[in-house]
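Listed here are the chains, written in short residue letters.
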Amino acid sequence: MSSAPALVASGISKSFRAVQALDDVSIELHHGRVTALLGDNGAGKSTLVKCISGLYQPDAGHIFVQGTEHRISSSRHARELGIETVHQTLSVIDPLDVAENLFLNREHTRGGWLGARIGLLDKRRMRQECASTLARLDIRIPSLRRSVGSLSGGQRQAVAIGRAVAWGQQIVLLDEPAAALGVEQTQRVLDLIVNLRDQGVAVLLITHNMDRVLAVCDQAVVLYQGRKCAEVNVADVTKDDLVSYITGARGTG
Amino acid sequence: MIRKSISKQASAGLPSPVEAWIDRYRHNGGLRQYVVYLAFALILATFSIILHDDGFLSSSNLLNIGRQAAPIAVMAVGMAFALAAGEIDLSVGSVVALSSLVAAEIVGNHGFLAGALAALGASALVGIVNGLITVKVRIPSFLVTLGMLGIISGIARNWNDLQSLPIRNDRFSGIFGAGGLGPVSSLLIWIVVVGILGHFALHHLRWGRHVLSTGADRDAANAAGINTARVKISALVVSATAAGFAGILLAGRLSIGRHDLGEDYLLTVIAAVVIGGTNLFGGRASILGAVTGALIMAMLNNGLILMGLEVADQLIARGVIIILAVALSMREAKET
């Protein structure tokens, strides 16, 4: 557990015109741990995630990935560094099937050089690798050839998360992954998060649901009005503690 | 509850190909994804009975329908890609005329191949301009291509002062419309070739998947790193080039280039594509459906004429049938 952090963001500040969205916020993500990012609406959670995933450039601060400092210039750059983000709105393509979604824009081609030039898809290979990836993550989908649009919300979310980690990504940022899901489906997604953790992935989970935090998270970082107001081990706190940090009633500094 | 559903899925194991097909059939829209083929069979059967004595089923009449369908089918395949990418191309009719004129101009001095390539090149150029303006200036393709329709129609009218340009090249005419392989008209062969090419590109090329992704959810496609601007431009280029090829087929069949070829094809083409199961607003496309839709449109045209309907009544009957067919195929889009 004392290995080097997968990701360190230190002293991150970001403002939009007059609004200071983030003020000197630091956060560490560790391999094999789930970190909750908590805060009320407008506390700066999404801004922080966007700074880490390359969508925003922070005004100040440093980001270290696996110990090396990087200026993350785009979401593509973040992905190359092993950081994958699953946004609140599902990033799956409904008319494509499960395997096609998993390999979207990273398709395998066949037919050698010419096949690669024209983009001739190697569907069989993609399906096989998709099946083994989903099996590794214990994700069950009735048929890989079904369009994702015909799957349940939980299954779709599982495909989105599966895509995030299918590429050996070591850092996964999840923005309210269970926001629109029912009880049973939510449980499946939480199981999946635990599964990622057990495989050594560093997970950042944004959520409003305290029960989920207590269920799967190891530590929690709480933002209040753009500042970090608390950083705690989840085992040491109660639900009420977390809520009081979020509402700004209390802070650990 | 959780355990139960998991064990149920797990015990199913690997599905057999038949089970897999049934599963996809059920969950990808069921019977309604085949509406266009049922409509085709229904209309064919109806005309066969009503128009039996008028020779509807004679080989010469069926060939006629195929010939009429060819340019519509080729344009429909191109339009399906534009719609799949979430765009629309209203300039296709004018591109048909432009292409026929360019072909007629070049074929005479430089041969049939140069003529065809020049016509396709000019058409592709129109598509590039359509795409660049749509993507870079961020004007909806609906408006860009509407403007382009006017511009290209004007150019076509000025080209030879509304006069047709003759094409006197047997090879050009033979390959693109008038000739054939034995008893099979080259136009029918072109329908099959273009249909297969389109289907293959949509389902087996990375580009086809990216076109569909871009039309279904541009933000998600962007997030996956797809260059959606380039995808949209390429889809409009394909639609314009297909229209250009339809122009070549018309020029070949009639042995002329003329400013009004393809003029009234636009709505027929869009109807064919949408009846075929392509979503007017992107993200869902069927190439075989579009080709079948084109055959339906040609068959309607032919059958209504054989029935002896006045032009005015033909228009009304065709309009009603199109609305019915589109309504049927749109229901699927809402429910899935």
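Here the structure is a predicted model, which means the values were calculated and not measured.

1. Points about the confidence of the model for chain B
All names here are of chain B.
Now for step 1: With 92% of its residues at a pLDDT of 70 or more, chain B shows a mean pLDDT of 89.
Now for step 2: Note that residues 1-13 has pLDDT below 50 and, in this model, nine contacts with residues that lie over four places away or in other chains.
Now for step 3: Note on the complex model: pTM 0.85, ipTM 0.82.

2. Comments concerning the sheet that holds strand β2 (residues 19-29) of chain A
Residue and element names in this part refer to chain A.
Now for step 1: Strand order in this open sheet of four strands is β2-β1-β4-β5, and the pairing throughout is antiparallel. The open sheet has two free edges, formed respectively by β2 and β5 (68-70), since each of these has just one partner strand. Here the strands of the sheet are splayed against their neighbours by 30° on average, with no regard to which way each runs.
Now for step 2: Here strand β4 (residues 60-65) runs beside β5; their pairing, made up of three bridges, is antiparallel. Residue pairing for β5: phenylalanine 64 is matched across the bridge by glutamate 69.

3. Some remarks on the state of the cysteines
Residue and element names in this part refer to chain A.
Now for step 1: Summed over all chains, the structure comprises zero disulfides over all chains.
Now for step 2: Lacking any disulfide linkage, cysteine 217 is separated from the closest cysteine sulfur, that of cysteine 229, by 16 Å.
Now for step 3: According to the relative accessible area criterion, cysteine 217 is buried, its value standing at 7%.

4. Digging into the pairing of strand β10 (residues 227-233) of chain A
Residue and element names in this part refer to chain A.
Now for step 1: Note that strand β9 (residues 219-224) and β10 share six bridges and pair antiparallel. Opposite tyrosine 224, over in β10, you have arginine 227 as the bridge partner.
Now for step 2: In textbook terms, the turn of a hairpin is the stretch between consecutive antiparallel strands, and for β9 and β10 this stretch comprises two residues, one of which, glutamine 225, has a positive phi near 50°.

5. As for the sheet that holds strand β3 (residues 34-39) of chain A
All names here are of chain A.
Now for step 1: Taken in spatial order, the six strands line up as β6-β7-β8-β3-β9-β10 in an open sheet, and their pairing is mixed. The sheet is open, and its two borders are formed by β6 (83-86) and β10, each paired with just one other strand. Taking the axes of each pair of neighbouring strands and ignoring which way they run, one obtains an average angle of 20° across the sheet.
Now for step 2: As paired strands, β6 and strand β7 (residues 171-175) are joined by four bridges and run parallel to one another. Along β7, the bridge assignment pairs threonine 85 with leucine 173.

6. Things to note about the packing of helix α8 (residues 186-204) of chain B against helix α13 (residues 287-306) of chain B
Residues and elements named next belong to chain B.
Now for step 1: Contact geometry of α8 with α13 gives a least axis separation of 8 Å together with a crossing angle of 150°. Overall, the two elements α8 and α13 adopt an arrangement that is roughly antiparallel. Where α8 abuts α13, its residues Ile191, Gly195, Gly198, His199 and Leu202 lie against Ile287, Leu288 and Val291.
Now for step 2: Across the contact of α8 with α13, the residue classes break down as five nonpolar, three polar and no charged.

7. Side note on the interface of chain B and chain A
Now for step 1: Taken together, the contact pairs 28 residues of chain B with 29 residues of chain A.
Now for step 2: Roughly 2,600 Å² is buried in total at the junction of chain B and chain A, and carbon and sulfur atoms are behind 54% of that figure.
Now for step 3: When residues of chain B are sorted by the area they lose upon contact with chain A, Arg24(B), Arg206(B) and Arg209(B) head the list and together hold 21% of the total.
Now for step 4: Residue Arg206(B) pairs with Glu107(A) through a salt bridge whose shortest N-O separation is 3.4 Å.
Now for step 5: The interface formed by chain B and chain A includes ten residue pairs in polar contact (both at pLDDT 80 or more).

8. Points about the packing of helix α3 (residues 35-50) of chain B against α13(B)
The packing of two helices is summarised by the inter-axis angle and the distance between the axes.
All names here are of chain B.
Now for step 1: The geometry of α3 relative to α13 is characterised by a closest axis approach of 9 Å and an angle of 20° between their N-to-C directions. By the criterion of interaxial angle, the relationship of α3 to α13 is roughly parallel. In this structure, the crossing between α3 and α13 has a hand that is left-handed. Between α3 and α13, the contacting residues are Val36, Tyr37, Ala39, Phe40, Ile43, Leu44 and Phe47 on the first element and Leu288, Gly289, Thr292, Gly293, Leu295, Ile296, Met299, Leu300, Gly303 and Leu304 on the second.
Now for step 2: In terms of residue class, the contact of α3 with α13 is built from 13 nonpolar, four polar and no charged.

9. Points about helix α7 (residues 170-178) of chain B
All names here are of chain B.
Now for step 1: Within the sequence span of α7, burial applies to Phe172, Ser173, Phe176 and Gly177. The buried residues of α7 occupy one face: seen down the axis, they fall within an arc of 100°. Every exposed residue of α7 that faces more than 90 degrees away from the buried side is listed here: Asp170 and Arg171.
Now for step 2: Of the surrounding secondary structure, the elements contacted by the buried residues of α7 are α5 (92-136), β3 (184-185), α8 and α11 (228-254).
Now for step 3: The N-cap of α7, judged by a side-chain oxygen 3.0 Å from the amide nitrogen of arginine 171 a few residues on, is asparagine 169.

10. As for the pattern of salt bridges
Now for step 1: The tally for this structure, following the rule as stated, stands at 16 salt bridges over all chains.
Now for step 2: One salt-bridge network, in which partners are shared between bridges, spans Arg79(A), Glu84(A) and Arg106(A).

Cut-offs and rules
- Residues numbered from 1 in each chain as written.
- Chains lettered and ligands numbered in written order.
- Predicted model: local features only at pLDDT ≥ 70, side-chain atom pairs only at ≥ 80, totals over all residues.
- Heavy atoms only, no water.
- pLDDT = per-residue confidence, 0-100.
- Contact = heavy atoms within 4.5 Å.
- Pairing = 2+ DSSP bridges.
- Helix = DSSP H or I, 4+ residues; strand = E, 2+ residues; numbered from the N terminus.
- Axes fitted to C-alpha atoms, helices over the stretch in contact; angles between N-to-C directions.
- Disulfide = S-S within 2.5 Å.
- Buried < 20%, exposed > 50% of the residue type's maximum accessible area, 1.4 Å probe, protein only.
- Parallel < 35°, antiparallel > 145°, perpendicular 65-115°, else oblique.
- Nonpolar A, V, L, I, M, F, W, Y, C, P; charged D, E, K, R; others polar.
- Buried area = accessible area lost by both parts, 1.4 Å probe.
- Salt bridge = Lys/Arg side-chain N within 4 Å of Asp/Glu carboxyl O.
- Polar contact = N/O pair within 3.5 Å; in protein donor to acceptor, adjacent residues only side chain to side chain.
- Left-handed = near helix turned anticlockwise from the far one by under 90°.
- Arc of directions from axis to C-beta.

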